[in-house]
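# Working through the structure, step by step
Chain by chain, the residues run as shown.
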Amino acid sequence: MKTEFTKRQLRNDNLQMANDIFRRCVHCGLCTATCSSYVVAGDERDSPRGRIYMIKEMLETGSAPDASLTHHMDRCLTCLSCMTTCPSGVDYMHLSDLARVEIEKRGPRPFRIRFTRGLLSSVMPYPRRFAVAMSLGRLARPFRPLLKAAGFKELAAMLELVPKRGKQSPEFKGGGVARPRGQQHRRVLLMTGCAQKIVRPAINDASIRLMARQGIEVIVSQDTGCCGALDMHMGRESAAIKHARRNLEAWQALEDEAPLDGIIINASGCGTSVKDYPHLLQNVKGIEEQVAHFSAKVYDISEFLADYNFGMAEQWTDLNVALHLPCSMMHGQKISYQPMQLLQNAGFNIHTLDEAHICCGSAGTYNILQPDIANELGQRKAAHIARVKPDVVATGNLGCLTQMGHHSVYPVVHFVELLDWAYGGPCPDGLEHLQDRVDRLAKTNKRNK
Amino acid sequence: MGIFTTVSNRVAAKVPRSLWRDLKEVLKPDQLILDESGRRAYETDALTAYKVMPLAVIMPETTEEVAAVAEIAHRYSIPLVPRGAGTSLAGGAVPIETAIVLCLSRMNKIIDIDYTNRTATVEAGVTNLAISQAVDRDGYFYAPDPSSQLACTIAGNIAMNSGGAHCLKYGVTTHNLLAVKMVTADGQVLEFGGSFFDPIGYDFLSLIAGSEGGLGIVTEATVMLRSKPEGARPILLGFDDIDAAGDCVAEIIGEGIIPVAIEFMDRPAIKVCEEFAGAGYPLDVEALLLIEVEGSDEEIDAALQQILRIASKFNPSHKRIATSAEEAATIWHGRKSAFGAMGRISEYLCMDGVIPLSKLSTVLEKISEICKSYKFEVANIFHAGDGNLHPLIMYDANKPGEIERVEKCGAEILELCVLAGGCITGEHGVGIEKRDLMPLQFDTLDFDNQMRIKQLFDPDWRLNPNKVFPLKMSQAFQDTGSSLLSEDDA
Amino acid sequence: MEDMLTPLVNRDLKEMILEANNKKTNLEILGHGTKRTIGRINSDATPLSLRRLSEITLYEPSELVLSARAGTPIVEIERALKSYNQQLPFEYLDFSRVFGTEPGWGTIGSIFATNFSGSRRILKGSARDHLLGVNAINGRGEEFKSGGRVMKNVAGYDLAKFMANSWGTLGVMTDVTMKLLPAPVDECTLFMYGLGEDIALEALRAAVATPYEISGAVYLNQEHAHSCLEGVTYVRDKSVTAMRLENTSKSIAYRSERIRDLLSAFGDIYYIDQPESQIFWQNMRQLMFLSEPEDAIWRISTTPRKAYQSARQIKKLVDAKVSYDWAGGLLWVTTRGVSDMGSSDIRRIVAEAGGFATLIRPGAGASSDVSPFHPLDPSHMKLTKGIKDMFDPNGVLNPGRMYDGI
């Protein structure tokens, strides 16, 4: 597309980057079709192409973001499905990050929304605060209708997502080192996810067991914290940078002890952000090498384990698994086959879903901030799941797990929980009813032998 | 008051306020876009060289709403511009400043699928690919497959009479369309055709397909479904010389083989597609043919062998038969993404001329001469089976004067196509882009006979205004009843 | 022979039309008159035949395209196509047996003007679908063109296809350009005998739903079947369900086996090979099954889903025999002994099911009040009238042939 920046504007690094992105876009509109908000809203302004066009206008004229741009950027799920579709290679991710920072700085937002966003930013990345909030949330759950009626639909949506029962995992206790029984091959750090370790700590337990069984030493560090994704998606760039730098320091400390073979992420939403640290930290001088060094070691757990030979599964099940790859995995990190391959090797029957490229509506804090579109997408996803009639739904990110668990009648787990189960771990929470069937199958198999 | 005060352009100032009140009565608030930044998102389509901000944008959800809006627009003499996904490469959805854009993308329901009749009835905003996806698991598909099929809507396809790579065998939209529901300029709802073959009386569907939204606003369509072939596989044939590729196509067809698709790419195009899709296209050939045949595995093998035998006369330097569905999909993915992938390198103007196949080599040579004379790079991608050329002329949109120059270059290419016995547009439509080139193909009487039809359906010329016909000639027709220009205008 | 205008060049034709406008006379547009009796007959009109505009002006086998002057006899075009193993894919209907005229003598212009397509339409499309370009002179005496000689052309409104099916009421086509296809190397037909109508339709639908490209799917009732099977080995006095495959010999062998497997539950399947298959479909194209001279002949295009139900209703009310083409999408109905030929019942039933009924030939002793073309609803009639007024404001071309005032 033609752009209209002045030479002076183009001396600004951000505007130069934006200009390069706009020039690649041919406005062909293919992205509209796979955009998770456009399929629901059917409005150009809720599509990547429309947003790019509005951002272009804002940046070219140097004007402050208006209500319309703010509204429609807020409705973007950042699922990045558009980036998979775009044949021209338009970097929507960094363009939308740029716009969000601009909106956060100068955009018009009602108090109610600013309050909710502030609340999320100051609670979710901090596990202790988050744990307290969850307990309070359980108490407040019954007041959802009241909140909705009073116009606080975002707060109501937030409470909607608080699990009805709290359950702390008996095993997962936070920081520590899991050393494998036999010979140790590699040493990795596991990022445990801020909300994940509170809401479903079993995912981390399963990840640790799964890796330790393969001779991998797994470190969980108290010094690492939020990856910064939550703040970045809300346009709070400096907060995101702060989180990222803290993590870098923690990684460096560990690396100083002994070389790290990988920084393993089992919440793909975090993975997309951590892999993008080089971009996030590009203006922080003097740490370029360090950032590059570590970002080369960041793996989604499915990527890291893809090359491992797990051998025969201990529990060979005939379970039908509907696999939902999170957008952050599929579009953000271009991970396409690894989870499916791992699950198939472990003896599960994998079913893919129609409209697999469309978001389930979770999208970080999206289902809290945009409950209407999020609910519609959640129901849409649930309908696709129902068509498959699986025994269980597997995914790779806590957000999707919560969202689909909320909308679908089928149990949802993280794929590492299934893998861990197959290779000797406990039956995942919520699948107890399937254990009997698996046992029966095992007995029949034994008899047949 | 409220949001209406935000309409601030000079055109809106002339519109009676009661228009907004009347519209508000038939629409929900979120169906009416009036703010400047919202209207700007709808000022252009996939041809961004043209942009005009409309008076308003309306997002109807039912035929009744479209009819109600059309009736109101009729009373206030407001032009209407129908829009689907805005993927037109000819500016087909670019509004004028006094017009309301009727964006039908929310009308995206599949109404009925009937395998006994082998039809699908869908709302206007359903995407082309969504129809095929909806019937895929039952062994059917909808045949026309424009490259933008992922996003483009069925009503947009009808407006432009869209084709695609596979229309060599299955025909274009008009051959696959059985019925439409259409709202007229004054808000009546008319239906044409049904789940049966051939028209009752005059064949109005043949006029509606390709009328670029100028005769009515299509809100529903019934299309033919076809049974999916048992399988389909492409073969890639690379040639060191463009003529050989062209002759090879003519020979294949002359021998009585009609593949489902024969696609041609020249060296620059191959490079771009390969870089995007990693389809395994050879990078060291001048011309690449992508030929697809259908049938059972054995039938495909036999047909491909026959094609190989014919091709061997023309010394292809590269031969590769896709062996799996995945491989076939990647090969097609590269081709179908060609236009977008070109955007990685440069802005481009995408031409859509058609020529008789026998003139292929000479026309390609002349295209390259024309582009050279303007100092533009050109990549050629086209449907070789039916002679539909898509030269992509690369230019720098930010360089002053370049857009005008590239349009002149394009016009020369289209003139060349007409002189060779072809036409200026095979599947993208005329839109704004080519309206003033129409006299290359038509004379005054040809125009009169077309314009009378426009006049009958849309007496005030309010539907998708300023498209298809040369502006001066359509003005002359509206003034005098003849498109003949006075000496001053000519 | 009555007085007949036979222009030799376009200029003459144009002048004849202008003169008719001036003198307020009517013209009946003809080729060789093979379909002259279909539609309303206007005895006041001066016949104008295009028989002298007869020439193949362009034939490019490697482009699958042919242009001809509108008065070129179809036999001549077929002869030219044969030498390159090509064909007109839509299988035009030959009414010579029905009306007692010479076979193959219709003109190419009339084939497009009337848009009657045969059995292969179900796979390859109609005559109109293959019409790429037209030059014509409208009722105002204006020469205009639309389309061209290339396969794809979306510049301007598609007046070429619009002229198809307009029965010479809008303009006189002088030149037509059409798309061709290679003739199939081999063909065969699968016959099933004695199936009931509903079962036969089910079998035909199952066959066309396969990927095997059935290029003809007909059901002939016992009486109709008899006369259509001249020259073909068949089981007598039974209904015939026929499915045609056209392709390479290998493909046909494979596909016919697959269809046999698929339809085995419907009954025994007989394989008719190329020579007899060709005869059978030639008979179909010549409508030999409609040979009873006393009967009225109706051609009904309708929704396959309702075809059987509509036929049953018709037979309940009228003495009618029904055969099907296009896997149920086309009904050929012959009626006998009713003065309105069952018109009101047939048209009501067809309108309810969706579709239209054209009276091809009135029966012996039938009333002449019946409109040969299916009546239009008021909104379509208004548009039709509007179109007619634009192309032929003085109504000099085939006035009344299709509808009153058209």
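Residues numbered from 1 in each chain as written. Chains lettered and ligands numbered in written order. Predicted model: local features only at pLDDT ≥ 70, side-chain atom pairs only at ≥ 80, totals over all residues. Heavy atoms only, no water.

### A closer look at a positive patch on the surface
Residues Arg440, Lys443, Lys446 and Arg447 of chain A make up a contiguous surface patch of positive charge. Here Arg447 of chain A lies in helix α27 (residues 432-448). (Patch = residues over 30% accessible without salt bridge, like charges linked within 9 Å, V, L, I, M, F, W, Y side chains within 5 Å. Areas by Shrake-Rupley, 256 points an atom, 1.4 Å probe, with all protein chains shown as cover. Salt bridge = Lys/Arg side-chain N within 4 Å of Asp/Glu carboxyl O. Lys, Arg positive; Asp, Glu negative; His and termini not counted. Charge placed at Lys NZ, Arg CZ, Asp CG, Glu CD. Helix = DSSP H or I, 4+ residues; strand = E, 2+ residues; numbered from the N terminus.)

### Remarks on the packing of aromatic side chains
Throughout the structure, instances matching the rule amount to 38 aromatic pairs over all chains. Judged by centre distance (6.3 Å) and plane angle (15°), the rings of Phe5 of chain A and Phe22 of chain A are stacked. Note that Phe5 of chain A is positioned in the segment before α1 (7-10) and Phe22 of chain A in helix α2 (residues 13-24), a separation of 17 residues in sequence. With respect to burial, Phe5 of chain A and Phe22 of chain A carry one shared label: buried. These aromatic residues form a ring-pair network of at least three members: Phe442, Phe447, Trp461, Phe469 and Phe477 of chain B together with Tyr157 of chain C. (Phe/Tyr/Trp six-rings, centres within 6.5 Å; stacked < 30°, edge-to-face > 60°. Buried < 20%, exposed > 50% of the residue type's maximum accessible area, 1.4 Å probe, protein only.)

### Quick look at the domain arrangement of chain B
All names here are of chain B. Under the domain assignment, chain B is made up of domain 1 (2-103), domain 2 (110-227), domain 3 (232-339), domain 4 (347-429) and domain 5 (442-480). Between the C-alpha centres of domain 2 and domain 5 there is a distance of 25 Å. Contacts between the two partners involve 12 residues from domain 2 and, on the opposite side, eight residues from domain 5. The interface formed by domain 2 and domain 5 includes zero salt bridges. Across the contact surface, domain 2 and domain 5 share three residue pairs in polar contact (both at pLDDT 80 or more). (Domains from an automatic or database assignment. Contact = heavy atoms within 4.5 Å. Polar contact = N/O pair within 3.5 Å; in protein donor to acceptor, adjacent residues only side chain to side chain.)

### Some remarks on empty space enclosed by the protein
This structure, assessed with the given rule, holds nine cavities of 30 Å³ or more. In this structure, the largest cavity occupies an estimated 730 Å³ of space. Listed by contribution, the elements that provide at least two residues to the lining of the largest cavity are β3 (80-83), α6 (154-160), β10 (217-224) and α14 (338-342) of chain B. By residue number, the principal contributor to the lining of the largest cavity is α6 of chain B, which donates six residues. If you go around the second largest cavity, you meet 22 residues; those closest to its centre are Ile29, Leu30, Gly31, Ser110 and Ala113 of chain C. Mapped by element, the contributors of at least two residues to the lining of the second largest cavity are β1 (27-30), α4 (108-114) and β8 (171-179) of chain C. In terms of residue count, the dominant contributor to the lining of the second largest cavity is α4 of chain C (four residues). Of the residues in the lining of the second largest cavity, the class split is eight nonpolar, 11 polar and three charged. (1 Å grid on protein atoms, 1.4 Å probe; cavity = no way out; pocket = protein on both sides within 12 Å on 5 of 7 lines; lining within 4 Å. Points joined across faces, edges and corners; volume = space filled by probe spheres on them. Nonpolar A, V, L, I, M, F, W, Y, C, P; charged D, E, K, R; others polar.)

### Notes on the interface of chain B and chain C
With 85 residues of chain B at the contact, the number on the chain C side is 73 residues. Summing both partners gives a buried area of about 6400 Å² for chain B against chain C, and 58% of it is carried by carbon and sulfur. Of all residues in chain B, Phe197, Tyr202 and Arg452 of chain B give up the largest surface area on contact with chain C, accounting jointly for 12% of the area buried on that side. The closest approach of N and O atoms between Lys152 of chain C and Asp386 of chain B, which form a salt bridge, is 3.9 Å. Linking chain B with chain C are 31 residue pairs in polar contact (both at pLDDT 80 or more), by the criterion used here. It is helix α17 (residues 444-457) of chain B that contributes the most residues to the side of chain B that touches chain C, 10 residues altogether. Tallied by class, the residues present in the side of chain B that touches chain C amount to 36 nonpolar, 31 polar and 18 charged. (Buried area = accessible area lost by both parts, 1.4 Å probe.)

### Let's talk about the interface of chain A and chain B
When the parts come together, some accessible area is lost, and that loss is often what is quoted as the size of the interface. With 34 residues of chain A at the interface, the matching set in chain B holds 39 residues. Taking both partners together, chain A and chain B bury about 2800 Å²; carbon and sulfur atoms supply 49% of that area. Looking at the side of chain A facing chain B, the largest losses of area belong to Arg23, Tyr53 and Pro87 of chain A, adding up to 20% of the total buried there. There are six salt bridges connecting chain A and chain B. Linking chain A to chain B there are 19 residue pairs in polar contact (both at pLDDT 80 or more). Among the secondary structure elements, those contributing two or more residues to the side of chain A that touches chain B are α2, α3 (30-34), α4 (36-41), α5 (48-61) and α6 (67-74) of chain A.

### Structural notes on helix α8 (residues 92-106) of chain A
Residues and elements named next belong to chain A. If you check α8, its first and last C-alpha atoms are 21 Å apart, about what 15 residues at 1.5 Å a residue would give, namely 21 Å. Burial within α8 is extensive, with 12 of its 15 residues counted as buried. Among all positions in α8, only Tyr92, Met93, His94, Leu95, Ser96, Asp97, Leu98, Ala99, Arg100, Val101, Glu102 and Ile103 are buried. (Expected span 1.5 Å × (residues − 1).)

### Brief notes about a nonpolar patch on the surface
Residues and elements named next belong to chain A. A contiguous nonpolar surface patch, about 320 Å² in accessible area, is contributed by Val132, Leu136 and Leu139. Relative to the assigned elements, Val132 resides in helix α10 (residues 127-140). For Val132, a relative accessible area of 49% gives the class partly exposed.

### Quick notes on the sheet that holds strand β18 (residues 388-395) of chain B
Residues and elements named next belong to chain B. With antiparallel pairing, the seven strands of this open sheet are ordered in space as β15-β12-β14-β13-β17-β18-β16. Edge positions in the sheet fall to β15 (318-321) and β16 (347-350), since each has one partner strand and no second. Between one strand and the next, the sheet's axes are offset by a mean angle of 15°, whatever the strand orientation. Looking at chain direction, strand β12 (residues 232-239) and strand β14 (residues 287-294) are connected through eight bridges and run antiparallel. (Pairing = 2+ DSSP bridges. Axes fitted to C-alpha atoms, helices over the stretch in contact; angles between N-to-C directions.)

### So, the side chain of Asn10 of chain C
Structurally, Asn10 of chain C is set in helix α1 (residues 10-23). Once residues lying within four places of it in the same chain are set aside, the contact partners of Asn10 of chain C are Leu53, Arg69, Ile137, Glu143, Thr174 and Asp175 of chain C.

### Describing a negative patch on the surface
Residues and elements named next belong to chain B. Negative charge collects at one region of the surface, where Asp240, Asp241, Asp243, Asp247, Asp284, Glu365 and Glu369 lie side by side. Residue assignment for the negative patch shows that the elements contributing at least two residues are α10 (242-254) and α15 (360-373). Mapped onto the secondary structure, Asp240 falls in the loop between β12 and α10.

### Topic: the side chain of Ser221 of chain A
Residues and elements named next belong to chain A. As for its placement among the helices and strands, Ser221 is situated in the loop between β3 (216-220) and α15 (229-233). Given a relative accessible area of 14%, Ser221 falls into the buried group. A distance of 2.9 Å separates a polar atom in the side chain of Ser221 from the backbone nitrogen of Asp223. Beyond its immediate stretch of four places on either side in the chain, Ser221 contacts Leu189 and Leu254.

### Some thoughts on the sheet that holds strand β6 (residues 320-323) of chain A
Residues and elements named next belong to chain A. One open sheet holds the four strands; their spatial order is β7-β6-β8-β9, and the pairing between them is parallel. The two strands at the open ends of the sheet, each matched to only one other strand, are β7 (349-352) and β9 (412-414). Each neighbouring strand pair of the sheet contributes to a mean axis angle of 35°, computed without reference to strand direction. Sitting on the sheet, helix α25 (residues 398-407) touches β8 (392-395) and β9, and the angle it makes with β9 is about 170°.

### Considerations on the nonpolar core
Ranked by internal contacts, the top residues of the largest apolar core, which has 210 residues, are Val180, Phe192, Phe204 and Leu289 of chain B together with Phe280 of chain C. A total of eight residues in this core trace back to one element, the largest contributor, which is helix α16 (residues 402-419) of chain B. Formed by 68 residues, the second largest nonpolar core is a distinct cluster that contains Met134, Ile264, Leu323 and Leu419 of chain A. (Core = buried A, V, L, I, M, F, W, Y, C linked by side-chain atoms within 4.5 Å.)

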